[in-house]
Amino acid sequence: MSEQTFDVIVSGGGLVGASLALALARQGREVALVEPNPPALAGLEAGWDARIYAVSPQNQAFLASLAAWPGAERIGRIASMDVRGDLDGRLVFSAAEIGATELASIAENRWMLASLWQAIRQSDIVVIEGQRARHFDSDVRQAKLTLDDGRILKAALLAGADGANSWLRREAGIAASVKSYGQSGVVANFACERPHGECARQWFLGDGVLAWLPLPGNRISMVWSMSDSARLLALDDAALADTVARAGGEALGALTTMTPAAAFPLRLIRPEHVVRQRLALLGDAAHTVHPLAGQGVNLGFQDAAMLAASIGRQGDPGEWIRLRRYERSRREAVLTMQTACDGLFRLFHQPALPGLARLRNTGLSLVNHLGPLKRQLARVAVGF
Ligand SMILES: Cc1cc2nc3c(=O)[nH]c(=O)nc-3n(C[C@H](O)[C@H](O)[C@H](O)COP(=O)(O)OP(=O)(O)OC[C@H]3O[C@@H](n4cnc5c(N)ncnc54)[C@H](O)[C@@H]3O)c2cc1C
């Protein structure tokens, strides 16, 4: 059976794996990218993708440096945020308060994927599609991946970006703690009656978190974390739009459904390690977070940027010292984001504790009046 050898094999060509493969190829590394289902590059104009991301300016710059940032016509921006508690708590902050033009850009999943894959198709990256990895092995010198068709790929490093249910993580015997939030994230897009003013709105509703993110024009994208997603998924377009508009206090007038609702399970995944001999995990394979801060994919892009930087242009890409550097460089950012999102989730999901609802709403309003802390929050949002 045939064998091929590379500097790095990237397993998984979602947003995170695709960005890593491109970054490494641009550093002159020989890269193979294994992806069972590469995305379509044509017909993107029709309709809107309900899976959208608030991409930090730092990650927008990373993707632009790879010539993989989508064209401006489908990009929205968040100029300000308006966060409401489940009583009267409120926190409002804007990019202008920290001298920035935006807190984040809003981009659709399939446009970002297509931009990355367009660049990949024009590069020297060897794309292996329609195949999954069947066996993984490593020794001190290299990693070895056997594919479904029996082909063997070897490399100094195997990068696992194969998503939250990572096959590689399991195959490598890396234990992970998985905590279900007992909730799903329901996503859908809507046309809105009134302009959103490039403001991202979020409501802590007691039994869930509702977010409206501004798309270009009079459109918004919703992410609603809730335990009873089946109820929302069963509604017809008109009833869905009506329910979502009412949950947000009709802040933008009437809504009209543009894309049907879809749901994804919310889990907190923490692997014991993200590196092993000749193996590094990144993206959802390395961590998941509650989407209430919209930071899942932002963490993944920073994994890709930091792993590429640790690997560098020369020398052994899978050298243990480089892998440890990568692991250390990501540990704090990932832990901070997981802890913050998990803490907020728990703070707003403890209705039984007397006085807590009042306390958390007062806290939100207090931060609103503390200039430095509020500016610090805005800086975190833009990834300063
Ligand atoms: C409906 C939905 C809405 C979401 N909305 C948000 C949001 O609003 N904000 C947010 O931050 N996050 C959101 N997320 C989560 C976000 O999509 C993920 O954090 C992000 O996609 C992670 O990227 P990734 O490249 O690490 O993994 P993935 O996007 O999961 O990509 C993994 C890739 O690996 C490939 N693969 C799988 N198995 C193998 C294998 N054995 N061998 C090789 N390749 C393999 C898959 O085909 C896939 O292309 C949402 C997720 C869903 C499903």
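Each value, and the rule that gives it
Counting restarts for each chain, with residues numbered from 1 along the sequence as it is written. Per-residue local features are limited, in this predicted model, to residues with pLDDT of at least 70; the limit for side-chain atom pairs, both in listing and counting, is 80 or more; totals at the level of whole chains, interfaces and linings are taken over all residues. Calculation of side-chain values draws on the structure's entire complement of heavy atoms; hydrogens and water are dropped beforehand. Any carboxyl oxygen of Asp or Glu that lies within 4 Å of a side-chain nitrogen of Lys or Arg is treated as forming a salt bridge with it. A run of H or I in DSSP becomes a helix once it reaches four residues, and a run of E becomes a strand once it reaches two; helices and strands are each numbered from the N terminus. The buried label goes to any residue with under 20% of its type's maximum accessible area, the exposed label to any with over 50%, and the partly exposed label to all in between, with areas taken from a 1.4 Å probe on protein chains only. Note on pairing: two strands pair once DSSP finds at least 2 bridges between them. Any residue with a non-hydrogen atom lying within 4 Å of a molecule or strand is treated as near it. Any pair of nitrogen or oxygen atoms within 3.5 Å is treated as a polar contact; in protein, a donor-acceptor pairing is required on top of that, and neighbouring residues in sequence qualify only through side-chain atoms on both sides. The protein chains shown are the only cover counted for residues, whose accessible areas, like all others here, come from Shrake-Rupley with a 1.4 Å probe. Any two residues whose heavy atoms approach within 4.5 Å at even a single point are treated as in contact. UniProt positions are given in the numbering used here, feature names are shortened, and annotations may be inferred rather than shown by experiment. For a helix, the expected span equals 1.5 Å multiplied by the number of residues minus one. Here, nonpolar core refers to any group of buried Ala, Val, Leu, Ile, Met, Phe, Trp, Tyr and Cys residues whose side-chain atoms link them within 4.5 Å.

**Some points on the pattern of salt bridges**
- The full count for this structure, using the stated rule, is 13 salt bridges.
- In this structure, Arg-74 and Glu-108 form a salt bridge, with 2.9 Å as the shortest nitrogen-oxygen distance. Here Arg-74 is found in the loop between helix 2 (57-65) and strand 4 (76-78), whereas its partner Glu-108 is found in strand 7 (residues 104-108), with 34 residues between them in sequence. For the residue pair Arg-74 and Glu-108, the accessibility class agrees, reading buried in each case.
- Arg-324 serves as the salt-bridge partner of Glu-327, at 2.7 Å between the closest nitrogen and oxygen. Here Glu-327 and its partner Arg-324 are both found in helix 8 (residues 320-347), 3 residues apart, which amounts to about one turn of the helix.
- Given the relative accessible area of 8%, Glu-327 is considered buried.

**Topic: the pairing of strand 12 (residues 176-192)**
- Looking at chain direction, strand 12 and strand 17 (residues 262-271) are connected through 9 bridges and run antiparallel. What sits directly across from Ala-176, in strand 17, is Pro-271.
- Sheet analysis places strand 12 next to strand 15 (residues 219-226), joined by 8 bridges and oriented antiparallel. Paired with Phe-190 across the two strands is Ile-220, which belongs to strand 15.
- Where strand 12 and strand 16 (residues 255-257) come together, 3 bridges link them in antiparallel fashion. Across the sheet, Ala-191 pairs through a bridge with Thr-256, a residue of strand 16.

**Quick notes on the site of the ligand**
- Taken together, 23 residues lie near the ligand, and Glu-35, Arg-51, Tyr-53, Arg-132 and Asp-284 sit nearest.
- Contacts to the ligand include Arg-51, whose side-chain N or O atom sits 2.8 Å from an oxygen atom.
- Within the side chain of Asp-284, an N or O atom sits 2.9 Å from an oxygen atom of the ligand.
- In the complex, 82% of the free accessible area of the ligand, which totals 1000 Å², lies under the protein chains.
- Put simply, the parts of the chain that give the shell around the ligand at least two residues each are helix 1 (15-26), strand 2 (31-35), strand 3 (52-55) and helix 7 (296-311).

**What about the side chain of Ser-115?**
- Note on placement: Ser-115 falls in helix 3 (residues 109-121).
- Within the structure, the side chain of Ser-115 is placed 2.9 Å from the backbone oxygen of Trp-111, a separation counted as a polar contact.
- Residues contacting Ser-115, with those up to four places away along its chain left out, are Ala-68, Trp-69 and Pro-70.

**A few points about the UniProt feature "domain: FAD dependent oxidoreductase" (unreviewed entry) in the protein**
- In this numbering, the UniProt entry assigns the feature "domain: FAD dependent oxidoreductase" (unreviewed entry) to residues 7-40.
- With 35% helix and 29% strand, residues 7-40 has end C-alpha atoms that lie 27 Å from one another.

**As for helix 1**
- The first and last C-alpha atoms of helix 1 sit 17 Å apart over 12 residues, in line with the 16 Å expected at 1.5 Å per residue.
- The element helix 1 is extensively covered by neighbouring structure, given that 10 of its 12 residues are classed as buried.
- Those residues of helix 1 lying buried are Leu-15, Val-16, Gly-17, Ala-18, Ser-19, Leu-20, Ala-21, Leu-22, Ala-23 and Leu-24.
- One or two steps after helix 1, the chain reaches Gly-28, where phi turns positive at roughly 85°.

**Quick word on the nonpolar core**
- Ranked by internal contacts, the top residues of the largest apolar core, which has 63 residues, are Ile-9, Leu-20, Met-112, Leu-145 and Leu-282.
- Among the elements that take part in this core, helix 1 stands out by supplying 8 residues, more than any other.
- In this structure, Leu-282 is in contact with Val-16, Leu-20, Ala-159, Gly-160, Ala-161, Asp-303, Ala-304, Leu-307 and Tyr-326, ignoring residues within four places of it in sequence.
- Trp-48, Ala-54, Leu-103 and Ala-200 belong to the second largest nonpolar core, which has 19 residues in total.

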